[in-house]
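Descriptive structure summary
Here is how the chains run, residue by residue.
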Amino acid sequence: MPLGFHSLRDGSHGASSEHELVDIVAVHDLHEDSFEAWTHPETGALWLRDFLPDHIQAARVLAYGYDSSALSLFTSDAPERVQRMAESLVQELRANRQFAGSLKRPIIFVCHGMGGVIVKKSLIYSSSRTAPKVSHLWDQFVSTFAIVFFGTPHGPIVKSTWLDFEASISSSLSRRSGSFSPIRRLTRRLEEGDTDPQLPRLVDMEFAPLVKKFHIFYLWEQLPTRLGDRWEFLVHPHSAAPNIDNTESAAIHATHSQMAKFPSRESPDYRTVIAALSAYSEKAPAVISNRWKQADRALLQLRIGEIQEIAGFEFDFHIEKPVEQHKINVPVQRQRHFHLPEGRTSTYIGREDILGTLSDSFFPGGSPVLKGGQKSFVVFGMGGCGKTELCSKFASDNKHEYTAIFTIYAASDETIKESFSRIGELAGLQPTENAGKHFLTQQIEPWLLIIDNADDGTLNLSSLFPSGNSAHILVTTRNRDFSREGTLGSLELKGLREDEAVQLLLTKADIPLPWDGAVTKVASLITKALGYLALALIQAGTCVYRGVCKLGGYLDIHSEARRKLNKKQLSTGTNQPGNTIATVYSTFDVSLGLLLKQPVSTSRQDASDLLSIFGFFHFEFIPLDIFSRAVMKREAELHSQSSPAKSWTSTLVQVAIRRISPPVTLPGFLKPIDGKLDKYRINWALAELQSLSFIRSDGKYVSLHPLIHDWARDRLSSSERHIWSSLAFNTLMSSVSLPPESSSEMDGSFHRDLLPHIDACLAEHGAPLKEETRVMWGLRFQIAKLCQPTFLLIVRDQIQQHAKCGYVFAERGHFDKSAQHLEIVRDMLIKVLGYRDEKTMSAMLGLAGVYWGLGRLEEAIALQLSVVDTRSHLHGPTHQSTLQAMDQLGKSYWLHGQYREALELQQTTADQMRATLGINNPQTLAALDNLGVTLGAWRRFQDSFQVHNEVLTARLDMESYGPNHLDTLTTKANLAMALLDMGRTDQAMKMMTDVYRERQKQLGKEHPWTLWALSYLAKVEIEIGCYQQAEELLTWGIEAGVRSLSEDHLGVLMGSGHLAQVYARTGRLDEAERLTLDIIRKIQPSRGTAHPDCVYAFLKLAQLYELKGEHEKAAEYCELGLERADMRITREHPLARDLEQLLDKLRATLRVVDTESDMATLAESNREFETDASSTTPSTSKNRDKTNREGSDVKSDFDKVEPRFGRNVTW
């Protein structure tokens, strides 16, 4: 048995840079060796060596061998043995990588069975190796990007099953060798109980905190293993694929021992695995490079801390960089991002002439075009001709010419926005559209942008082109009109050449070389009939490969499918597709016929159903979490239905509701069999579709070719479309939990993926509640409630679907769409349940939050006020639900600038919560924090400090919070501002610095909360006179805020106000004036003309004009600010008093100036009168004209600004 590491393939020569490479490390199961484990017994193919390099060129593939006898894991000292094995793996891998010069290179582990247990244990061990003398062993933990587990047990194992399996293997070996196997002796000993079957579970418990560090793909065996006269799963699916968020899982159609061995490249199971490995290999270099930067800094800080702790004081010293790479002449990294369109194949055939045209266009003379503005090329043609594949091939062939390659999925506005957001996230910025666009505009060296599926004629295609001269842009579209957008040219892509088409067909059919004349003749006839279209040829080849027919019989089957298609379209009256499209559709029908004509199979029927459902989703990036979440929710519903009721009356109610409930409109794989759901049915159905090339999947998302997506919908009659669009929409809604059940971050990511699919379903299905039901009112509705109980249950479910849509849209910032759904929810709940029902009031509060997002502030407050009044009458003013609504209303008052109402309500709410719920209740602490902010707005700084300090003390004492909890950080930031207001700047600086750093660490440097902390920190810097530091912080922070939020977001405007303050205090008064006027122009539409923020802005502008000596302008803005103060905060507020004091001061100054001017004028007049009395009138007239002109100038300047402030508003 070969032990240690063995190189199966070194792909260093396949990469243009060291920084593109990854190490793929394979670790086998028990009773195997490092070669046998991955070799198919019939074909002799070792897929890691023979197949994988075709898909992943830039990889070094290593196989690790170890003593894999059963003694390793089934004796009393098993934990110690596994620990030693894990430590050996870490040491040997470190040595191998050091000699190969590949330290810090990304690692992807491929593990079979118990080999995965050893790998997990090795990562646990490596993660703790940070001490100075062993920190070199940290390399494995930091460098590991992904792990693919083939049938690894992550829970308890069945001892007898594994022992019987070992015994059967041993017996086979014994018969061949004629010796008595030690395994039989071991089996007898272990049967006496000397074992630890819990070992995998214990290792998994240790590994659990590390799971989120890696990409993980769980693969489970679909076929049981024969053990004598019985069949058993060695690793049950629930153990091999635990239900853990943000991990992937899939079934392998094989037994445990055969699941990591693939016969050919066309194997569906191999495709599943290689798709995941390819995706990991592309993403890993950038992620691991960034991770090492952070790790090096962390180790350095750890060494510094250790030295300071030992020495007892700080001093300067030099520390060698940790885990230094011992290899010279490493090439400089150029390739930072390499993201091609989804679904490209590993083999590409033909189009060499067209690829040459693209190369000549972008690289005339062998060098990239960099000058002369936009450089774009448009590839147009009908669906299925291979446009996306062509662009992917061009990008892959020329990746060494580009520093980055990105793809924008342009099929819809939502996918465009999501594409830019993902680019922003890849760049380490916030996942927003503006952040992605900003990052692309910063590129200097040549890079490539592929805009895929830009088919919508209303799309402003040029708006997607980044500015600058460094980008090469490649567009794929079905729309010929977009060809004019190609500054370097365009071309129409049609069918393949005949020889290329024949090669593609026979390759996909897996017909071995050499091809004789008879085979190529038949293939030529098929390719001609299919119009030489790549997608149709792939479908035809797949059918032959799957055994639907022989190559020679395909045309007969295709002709029959074409005849049925025409007949169906004539009988249903549907529009017939063009001749070419009909030809392609017929190839899909042939493939689908394979599923439906074979012996009855649940997985095949599920696959057909799934295809119909996919037709009503968006065709790209369908998250598989839709189905896993839907299954979990259905299981919970079934469990609640089967649970015994608490009383006989509850039992009767449950029975009655079940009897009148309408049948569940869901696909078969979401319906129980014998009261139970099979959560793996969806995996089998997906495997069927993938094997027929209908879909492509990376383990997390499923995508369809646009033409297959169109066919999946077009093949249905109008009545069938209605049914399947409902099933698709209901499936989507089944995956959404309301209220949410998982973390907000996980739900947010999932809901972001759902948006284009919800839009697509609603476009076909329409609103869940139809117009005739929504407008039903009065007696008719009451009669329906009483006489049609089933109708009422249907309405209930439809209201819930509207609520889910509204929730998802609101969470992702689509407030306009959300409001449409939540208004329906509110109105229908009022009809069904009345105003006083808790569900109605919860819907009203949710709608109020959406109105805030839309700027409909008064409507939001009216809804909240209505809920507070209703709950007060129903439950009393001290009930918890009433207090919650009061707290929300108080916060709304404050945000709307109604500081007096906010203070009164928040004081009452906080006092009652303290008395009713206690100081340690989270709601009480949140209410007190809100109260402290409002007290600060009233300049009651000492009171504000005491409240925030009380909240902070409570949160630090509670285990559920702690010093770095996000809510604790919010309290610290509020407390820091209170300290600053009290003049305790040193304490404010220390606390705000801690908050800013911790938010950077937890949320990222461009997260809105981090930027808010940055603005607060800059405010402290200004107060202590560190103007340069404050300006640097604010300049960067405002740019980041515009990218992540918008230029008129409150946080951006607040930062801009602080920057204007820096300008003013450093003597740059004109810059301060321009910036302040811009703030006022933006703040009024978003906050309202009467908002205190506007009043404050007028005060700052008046103070600025006072500094500039423009006292009349300053007085005008004081008067305007006071008018606005009277509208909301009144003259009682300190802000209004500041304006009054400044106005009095300015008027006094202006009176002195006027008096001095009058005295000077009088003296001048007397002198002139004495010399020439006739000159008095002209002189006085001249002086009066001058005064009028100056006043006119001031008024003129004021008018230039005034319309922006809405002075013409009726007060």
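What you see is a predicted model; the values in this text were computed from it and never measured.

1. Notes on the overall build of the protein
- When its secondary structure is counted, the protein shows 46 helices and 18 strands.
- Excluding contacts between residues fewer than 6 apart, the proportion of contacts in the protein whose partners are at least 24 apart in sequence is 74%.
- Just so you have it, the protein exposes about 54,100 Å², and 52% of that area is on carbon and sulfur atoms.

2. Points about the packing of helix 11 (residues 352–362) against helix 12 (residues 387–397)
- Between helix 11 and helix 12, the shortest axis-to-axis distance is 10 Å and the interhelical angle comes to 55°. One element, helix 11, and the other, helix 12, form an angle in the oblique class. Between helix 11 and helix 12 the crossing geometry is right-handed. Facing helix 11, whose interface residues are I354, L355, L358, S359 and F362, helix 12 presents L390, K393, F394 and D397.
- A per-class count over the contact of helix 11 with helix 12 returns six nonpolar, one polar and two charged.

3. Section: the side chain of H709
- Summarising the element assignment, H709 is placed in helix 24 (residues 706–714).
- For H709, a relative accessible area of 7% puts it in the buried group.
- A polar contact of 3.4 Å, which involves the side chain of H709, links it to the backbone oxygen of F614.
- If we skip the residues at most four places from it in the chain, H709 touches F614, G615, F616, F617, H618, F619 and L704.

4. Things to note about the nonpolar core
- Ranked by internal contacts, the top residues of the largest apolar core, which has 100 residues, are L474, F614, F617 and F694.
- Here this core gets eight residues from one element, more than from any other, and that element is helix 17 (residues 534–545).
- Formed by 83 residues, the second largest nonpolar core is a distinct cluster that contains F5, L46, I56 and I216.

5. Notes on the confidence of the model for the protein
- Across the protein, the average pLDDT comes to 80, with 81% of residues at or above 70.
- Confidence, read as mean pLDDT per element, is least for helix 46 (residues 1176–1205) in the protein (34) and greatest for strand 4 (residues 107–112) (96).
- Segment residues 173–196: pLDDT under 50, and 33 contacts once partners within four positions in sequence are set aside and those in other chains are kept.
- Segment residues 1173–1211 is flagged for pLDDT under 50; beyond a separation of four residues in sequence, or across chains, it makes 36 contacts in the model.

6. Quick notes on the sheet that holds strand 16 (residues 622–623)
- In space, the three strands of this open sheet follow the order 16-18-17, with antiparallel pairing throughout. On the outer flanks of this sheet lie strand 16 and strand 17 (696–697), each paired with one strand and no other.
- In the sheet, strand 17 pairs with strand 18 (residues 701–703) via two bridges, with the strands oriented antiparallel. Counterpart to R696 in the pairing with strand 18 is S703.

The rules we used
- Residues numbered from 1 in each chain as written.
- Predicted model: local features only at pLDDT ≥ 70, side-chain atom pairs only at ≥ 80, totals over all residues.
- Heavy atoms only, no water.
- Helix = DSSP H or I, 4+ residues; strand = E, 2+ residues; numbered from the N terminus.
- Contact = heavy atoms within 4.5 Å.
- Areas by Shrake-Rupley, 256 points an atom, 1.4 Å probe, with all protein chains shown as cover.
- Axes fitted to C-alpha atoms, helices over the stretch in contact; angles between N-to-C directions.
- Parallel < 35°, antiparallel > 145°, perpendicular 65-115°, else oblique.
- Left-handed = near helix turned anticlockwise from the far one by under 90°.
- Nonpolar A, V, L, I, M, F, W, Y, C, P; charged D, E, K, R; others polar.
- Buried < 20%, exposed > 50% of the residue type's maximum accessible area, 1.4 Å probe, protein only.
- Polar contact = N/O pair within 3.5 Å; in protein donor to acceptor, adjacent residues only side chain to side chain.
- Core = buried A, V, L, I, M, F, W, Y, C linked by side-chain atoms within 4.5 Å.
- pLDDT = per-residue confidence, 0-100.
- Pairing = 2+ DSSP bridges.

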